[in-house]
Amino acid sequence: MHLLFLSCLKATELIEKKLAFKLSFSERIQLAIHKKMCGACAIYEDQSKFIEEGFKELQKSFESQDVDMEEFKNDIMEKTNRNS
């Protein structure tokens, strides 16, 4: 692909990378151009940010409480299996 144009696959990869690391200047430009042309990837970024914020809030909640993570995981697995 052209240097400035990204596929949606590459754009979503950069969106996820952006949540954990700082993007290079060229990556930021490429992603910005792609999101201007692709509404789906812009929405994907908003959803990814929302999910990331939810996980951070959940992590804070767990840190402030004394939660047994193994018991929590088992509870999730039990509920998942029950709903399948």
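The text that follows walks through the structure, step by step, so that each part is easy to find.

Conventions used here
- In every chain, residue numbers begin from 1 and rise along the written sequence.
- Local features in this predicted model are restricted to residues whose pLDDT is 70 or higher, and side-chain atom pairs enter the listing and the counts only when it is 80 or higher, whereas totals over whole chains, interfaces and linings include all residues.
- With hydrogens and water stripped out, all remaining heavy atoms of the structure feed into the side-chain values.
- Angles here are taken between N-to-C directions and fall from 0 to 180 degrees, while the axes themselves are lines fitted to C-alpha atoms, restricted in helices to the stretch in contact.
- Strands here are runs of E lasting at least two residues and helices are runs of H or I lasting at least four, both read from the DSSP assignment and numbered beginning at the N terminus.
- By definition in this entry, angles of less than 35 degrees are roughly parallel, angles greater than 145 are roughly antiparallel, angles of 65 to 115 are roughly perpendicular, and the rest are oblique.
- By convention the crossing between two helices is left-handed if the near helix lies anticlockwise of the far one by an angle smaller than a right angle, and right-handed if it lies clockwise.
- Note on contacts: a residue pair qualifies if any of its non-hydrogen atoms lie within 4.5 Å across the two residues.
- Under the convention adopted here, Pro, Cys and the residues Ala, Val, Leu, Ile, Met, Phe, Trp and Tyr are nonpolar, Asp, Glu, Lys and Arg are charged, and Gly plus all remaining residues are polar.
- To count as a disulfide, a pair of cysteine sulfur atoms needs to be within 2.5 Å.
- The cut-offs for exposure are 20% and 50% of the maximum accessible area for each residue type, with area from a 1.4 Å probe on protein chains only; residues under the lower value are buried, those over the upper are exposed, and the others partly exposed.

Remarks on the packing of helix α1 (residues 8–20) against helix α2 (residues 25–37)
Logical step 1: Running from N to C, α1 and α2 cross one another at 125°; their axes reach a closest spacing of 10 Å. Regarding the angle of α1 to α2, the classification is oblique. Crossing hand, α1 versus α2: left-handed. Taking contact as the criterion, the partners of C8, A11, L14, I15, K17 and K18 in α1 are, on α2, E27, L31, H34 and K35.
Logical step 2: Here the contact of α1 with α2 is built from residues that sort into five nonpolar, one polar and four charged.

Some thoughts on the state of the cysteines
Logical step 1: By the definition in use, this model includes zero disulfides.
Logical step 2: Distance from the sulfur of C38, which forms no disulfide, to the nearest cysteine sulfur (C41) is 3.6 Å.
Logical step 3: Among the residues examined, C41 registers a relative accessible area of 4% and is labelled buried.

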